[in-house]
Protein chains: 2
Amino acid sequence: MPRLNSFHLPTQDWPADLRAGDHVTLAGAEARHLLSVLRGKPGDEIRLFDGAGREGQFVVQSVQGKASVALEALLLSQTPRPAGGITLAIGWNKSSRRDWLLEKAVELGATGLLFWRASRSQGEPPAEPKPTWSEKLIQSAKQCGAIWLPELGCIPSGCQGLALIATNYDNRYVLWEGAAPSRLFKPEELAVGRSLVVVGPEGGLESAEAEALALAGFQHTSLGPRPLRWETAALHCLCLGYHHTLLTQREQA
Amino acid sequence: MPRLNSFHLPTQDWPADLRAGDHVTLAGAEARHLLSVLRGKPGDEIRLFDGAGREGQFVVQSVQGKASVALEALLLSQTPRPAGGITLAIGWNKSSRRDWLLEKAVELGATGLLFWRASRSQGEPPAEPKPTWSEKLIQSAKQCGAIWLPELGCIPSGCQGLALIATNYDNRYVLWEGAAPSRLFKPEELAVGRSLVVVGPEGGLESAEAEALALAGFQHTSLGPRPLRWETAALHCLCLGYHHTLLTQREQA
């Protein structure tokens, strides 16, 4: 697919059996952006994606008002959900650095970002992910062309909550500065299946939390002796996993 | 050395033959921070570092006014400059993301951050690194305990400027989205010696720049098919290099 301007069309707005030649409507903020910022007009080609595997090349058919565009599908594709990948469970922080991590998680192909309340968390995550978080993911995907967005979630009940979801994953790790140096994070161990990596909040995990998570089946792992900021640690895991996936794909190609 | 609050004492303020039992003076903003924010008083122990290999554990002897503290050295150490490491030469951008990269470069052990003007740069780097950049590095080092700070520099004259400094490095790479997929970035190739990695500005390098740099001895390398933001690409290299260094150190231990 050529590099076109990308617009997000939520999954529920894609007709189930959409084919080339069929029509869809892009409305709201995305249509306004196309019309007023990019001066879109009939004949222009754009890319639509839903962030859950669907994307397509479309041509603008007609414009209705300031926030509605009728589009005809030219070329459609569906990418299956990746079989594996890294979901991060991040200790909650009241921090502007979260926005930044949301953006980077898309670029680096995270499969999920969960937020949990650790002992040293400042404040408490909301009951559900905020719409502004999804918006941040979408903006990042427009930039880098990611087809799948990370799933967002908020985990109640601290380590107990993490223990409850642990069985949804094939590999379970917790970054812990008390981990033995021999337990250096190995992205190759996360190459097969779904992985959940727990990251502490600013200030790190308490020993009792690291122990509770070990009992719940999480392996302790380390990023080295230097204390990294929480968002650096989170990003570091994603970088290592992303690169390892590329290496593996290239070997298989 | 125990985990103490860290303060920066510039290299020129360390007496050449400082020994345990000798005295130094911490003045200015760092002393004010110790006195007014941390309520430092005689008997408190702190860590001083110069960002160029020197550090020490000191005890507060006396306080003069609001911005001067006399300290006695308890324990001193000097860490040699790392024999290798990654210096990034980053295409200039007018961007708030630079501050963020300065912070992360310290955490991830970059040996240098240079800024150069690429064809697609917005604006022009200053003739010399700004003092606020050094300040950002120092703040980051206080947090993570880094002993060596990255060297900062501004490179005039675009690719020509890069070609002139290339011979100072053992390994020379340029991240280029046109690089063949087989030229995937391999941190192990940067394990020995000093490495210079050129990163494009927002919008990437022009083909002519990638070719000029190849003629100047820079190897094309890729981080994969997805277009990453410039600061993500920069950080990604540092993460991969940092982790590879840890792996190597562990194998040698």
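The structure we're discussing is the one just above.
All values reported here derive from a predicted model rather than from experimental measurement.

Visitor: Hey, could you run me through the relation of the copies chain A and chain B in this one?
Guide: Between the two copies of the chain lies a relationship made up of a rotation around an axis and a movement along it. The two copies are related by a screw operation: chain A maps onto chain B through 180° of rotation and 0.0 Å of translation along the axis, at an RMSD of 0.0 Å. Considering both components of the superposition, the chain copies are consistent with a two-fold axis. Counting the interface residues of chain A, we find that 97% of their copies in chain B are interface residues as well, pointing to one common contact surface.

Visitor: Could you clarify how one ought to interpret the interface of chain A and chain B in this entry?
Guide: You'll often see interface size given as the accessible area lost when the parts meet. Facing 37 residues of chain A, the contacting portion of chain B comprises 36 residues. Carbon and sulfur atoms make up 59% of the surface buried where chain A meets chain B, a total of about 3,200 Å² over both sides. Connecting chain A to chain B are 6 salt bridges. If you look at where chain A meets chain B, you find 20 residue pairs in polar contact (both at pLDDT 80 or more). Of all the elements in the fold, those that place two or more residues in the side of chain A that touches chain B are α2 (97–107), α3 (131–144) and α6 (230–252) of chain A. Considering every element that reaches the side of chain A that touches chain B, the biggest residue donor is α6(A), with 11 residues. Taken together, the residues that form the side of chain A that touches chain B break down as 20 nonpolar, 7 polar and 10 charged.

Visitor: Can you help me understand the pattern of salt bridges in this one?
Guide: Any two side chains of opposite charge can pair, so long as their charged atoms come close to each other. In total, this model carries 24 salt bridges over all chains according to the counting rule given. Ionic pairing is found between K104(A) and E103(A), a salt bridge with its closest N-O pair at 2.7 Å. Assigned by exposure class, K104(A) and E103(A) land together as buried. Note that D44(B) and K41(B) form a salt bridge whose closest N and O atoms lie 3.2 Å from each other. By relative accessible area, which is 48% here, K41(B) ends up partly exposed. Residues participating in the shared-partner salt-bridge network are R97(A), R229(A), E231(A), E103(B), K104(B) and E107(B).

Visitor: What is the right way to read the packing of aromatic side chains from this model?
Guide: Here the distance between the centres and the angle between the planes together describe a pair of aromatic rings. Evaluated as defined, the whole model comprises 9 aromatic pairs over all chains. Centre to centre, the rings of W100(A) and W100(B) are 4.5 Å apart; their planes meet at 55°, and the pair counts as tilted. Highlighted residues: W100(A) in helix α2 and W100(B) in helix α2 (residues 97–107), drawn from two different chains. Relative accessible area serves as the criterion here: at 12%, W100(A) is assigned to the buried category. Among the aromatic side chains, those forming a connected cluster through ring pairs are W92(A), F115(A) and W133(A). Above the face of the W100(B) ring, K104(A) is positioned so that its terminal group lies 5.8 Å from the ring centre.

Visitor: Explanation requested: the sheet that holds strand β3 (residues 45–49) of chain B in the structure shown.
Guide: Sheet strands pair via backbone hydrogen bonds, and the direction of the pair is either parallel or antiparallel. All names here are of chain B. What the 5 strands build is an open sheet, ordered β1-β3-β4-β5-β2; its pairing is mixed. The strands lining the two open edges of the sheet, one partner per strand, are β1 (6–8) and β2 (23–27). Sheet twist, expressed as the mean angle between neighbouring strand axes with direction ignored, is 45°. Note: β3 against strand β4 (residues 54–63), 5 bridges, orientation antiparallel.

Visitor: Honestly, the environment of T132(A) in this entry has me stumped. Any pointers?
Guide: When you line up the elements, T132(A) lands in helix α3. For T132(A), a relative accessible area of 54% translates into the label exposed.

Visitor: Quick question: what am I supposed to make of the pairing of strand β9 (residues 171–175) of chain A here?
Guide: In regular strands, side chains alternate between the two faces of the sheet. Residue and element names in this part refer to chain A. Of all the 5 residues making up β9, 4 are buried; the element is thus mostly covered by neighbouring parts of the structure. Pairing analysis gives 4 bridges linking β9 to strand β10 (residues 194–199), with the strands arranged parallel. Bridged to Y173 within β10 is V197. Pairing analysis gives 3 bridges linking β9 to strand β11 (residues 219–221), with the strands arranged parallel. If you follow Y173 over to β11, its bridge partner there is Q219.

The rules behind these values
Residues numbered from 1 in each chain as written. Chains lettered and ligands numbered in written order. Predicted model: local features only at pLDDT ≥ 70, side-chain atom pairs only at ≥ 80, totals over all residues. Heavy atoms only, no water. Least-squares fit on C-alpha atoms with pLDDT ≥ 70 in both. Contact = heavy atoms within 4.5 Å. Buried area = accessible area lost by both parts, 1.4 Å probe. Salt bridge = Lys/Arg side-chain N within 4 Å of Asp/Glu carboxyl O. Polar contact = N/O pair within 3.5 Å; in protein donor to acceptor, adjacent residues only side chain to side chain. Helix = DSSP H or I, 4+ residues; strand = E, 2+ residues; numbered from the N terminus. Nonpolar A, V, L, I, M, F, W, Y, C, P; charged D, E, K, R; others polar. Buried < 20%, exposed > 50% of the residue type's maximum accessible area, 1.4 Å probe, protein only. Phe/Tyr/Trp six-rings, centres within 6.5 Å; stacked < 30°, edge-to-face > 60°. Lys NZ or Arg CZ within 6 Å of the ring centre and 35° of its normal. Pairing = 2+ DSSP bridges. Axes fitted to C-alpha atoms, helices over the stretch in contact; angles between N-to-C directions.

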